[in-house]
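Chain residues, written in single-letter form:
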Amino acid sequence: MKPSSDIARLIEIMAALRTPGSGCPWDLEQDFASIAPYTIEEAYEVADAIARGDRIDLKDELGDLLLQVAFHARMAEEEGAFAFPDVVEAITAKLIRRHPHVFGDARDLTPAEVKTLWHRIKAQEKAEKAAAHRAAGLPEVEESKSVLAGVPHTLPALTRAWKLQAKASTVGFDWNNARLVLDKIREETAEIDEALATGDKAAIREEIGDLLFVVANLARHVDADPEGCLNEANAKFERRFRGIEARLAAEDRQAKDATLDELEALWQAVKRAEKAGERAA
């Protein structure tokens, strides 16, 4: 087979890889559950390429993500559930349905009116999907009746916390401002202190979880992505720690050879140098 920009070629290649006898042994032994982690990983690699501003990698990573869609669609086709064209039809129908202000008669809407319309359409879709599940003989998920329904369990924990809290806020279960959330953070840190005093590992773990949950809520109140905040903190830590290693390497030393006091002093030196460079810029 030759490569092609036609999506049909990708579908043909995926079918060939999954053909018993002549296909790829690894591809043939996969199922939805085994492929799902790769799908999540590829989505993260797309995000990473975007964060790095690398358009060459972005093109490749989007291709890898598209492969995941083709892979899942092929396995579904083998089951007789649906095929790739059905996936395309479903998303195009959804986009048209959710944008009547673009493709329909609901013109000249304000952003607030668009948001209200969006929620109304999504609620209608939810009811129709529930009816389709009942018609197919599938059990109705009780969770679907909850305000918190629709937040995937596979999301990163901080992102899922953010989304759960946002859902709860739609019915008024929320703090009025960020400073009240900050008070709650202080309360949670005090509870961690109490748990540390007892030495109860289960209690300590629970209180740390509560603290992280409230921190995610604080991020939501100031319109900040908690995952993005933590990623930035990770990058800052990595940058500064590598700065420590570079300074030690200049003395033909490694981090493991330094005392904690030395490492802390170097950390502060790297931090000062970094801030001085920011001011100079």
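These figures come from a predicted structure and were not determined experimentally.

The rules behind the values
- Residues numbered from 1 in each chain as written.
- Predicted model: local features only at pLDDT ≥ 70, side-chain atom pairs only at ≥ 80, totals over all residues.
- Heavy atoms only, no water.
- Helix = DSSP H or I, 4+ residues; strand = E, 2+ residues; numbered from the N terminus.
- Rg over C-alpha atoms; globule rule 2.2 N^0.38 Å.
- Buried < 20%, exposed > 50% of the residue type's maximum accessible area, 1.4 Å probe, protein only.
- Contact = heavy atoms within 4.5 Å.
- Areas by Shrake-Rupley, 256 points an atom, 1.4 Å probe, with all protein chains shown as cover.
- Lys, Arg positive; Asp, Glu negative; His and termini not counted.
- Charge placed at Lys NZ, Arg CZ, Asp CG, Glu CD.
- Polar contact = N/O pair within 3.5 Å; in protein donor to acceptor, adjacent residues only side chain to side chain.
- Salt bridge = Lys/Arg side-chain N within 4 Å of Asp/Glu carboxyl O.
- Patch = residues over 30% accessible without salt bridge, like charges linked within 9 Å, V, L, I, M, F, W, Y side chains within 5 Å.

Colleague: Outline the overall build of the protein, listing residues and values.
Modeller: Scanning the protein from terminus to terminus reveals 12 helices and zero strands. Starting at the N terminus and ending at the C terminus, the protein contains elements arranged as α-α-α-α-α-α-α-α-α-α-α-α. The C-alpha radius of gyration computed for the protein amounts to 25 Å, which surpasses the reference 19 Å derived for 281 residues by more than 25%, pointing to a less compact arrangement than a globule. Seen along its three principal axes, the alpha-carbon backbone of the protein occupies a region of about 65 × 55 × 45 Å. Within the protein, the proportion of its 281 residues that are buried is 22%. Taking as baseline every contact in the protein between residues at least 6 positions apart, the subset at least 24 positions apart corresponds to 47%. On the protein, roughly 19500 Å² of surface is accessible, and the fraction owed to carbon and sulfur atoms is 58%. Both charge centroids of the protein, one from 38 positive and one from 52 negative side chains, sit 4 Å from each other.

Colleague: Tell me what's going on with the side chain of Arg 160, and back it up with residues and numbers.
Modeller: Looking at the element boundaries, Arg 160 is found in helix H8 (residues 157-169). In this structure the side chain of Arg 160 is engaged in a polar contact, spanning 3.0 Å, whose partner is the backbone oxygen of Pro 152. The residues touching Arg 160, leaving out its near neighbours within four places in the chain, are Val 151, Pro 152, His 153 and Leu 155.

Colleague: Account for the pattern of salt bridges, with residues named and values stated.
Modeller: This model, assessed by the stated rule, comprises 19 salt bridges. When the shortest N-O distance is used, the salt bridge between Arg 52 and Asp 57 registers 3.1 Å. On the accessibility criterion, Arg 52 (44% relative accessible area) is partly exposed. A residue is classified by how much of its surface remains accessible, and Asp 57, at 27% relative accessible area, is partly exposed. Measuring nitrogen to oxygen at the nearest pair gives 2.8 Å for the salt bridge that ties Glu 274 to Arg 239. One end of the pair, Glu 274, is in helix H12 (residues 260-280); the other, Arg 239, is in helix H11 (residues 226-249), with 35 residues separating them in the sequence. Through salt bridges with shared partners, a single network forms among Arg 18, Arg 74, Glu 77 and Glu 78.

Colleague: How would you summarise a positive patch on the surface if you had to cite specific residues and measurements?
Modeller: Together, Lys 94, Lys 122, Lys 129 and Lys 163 line one region of the surface with positive charge. Relative to the elements of secondary structure, Lys 94 occurs in helix H5 (residues 84-98).

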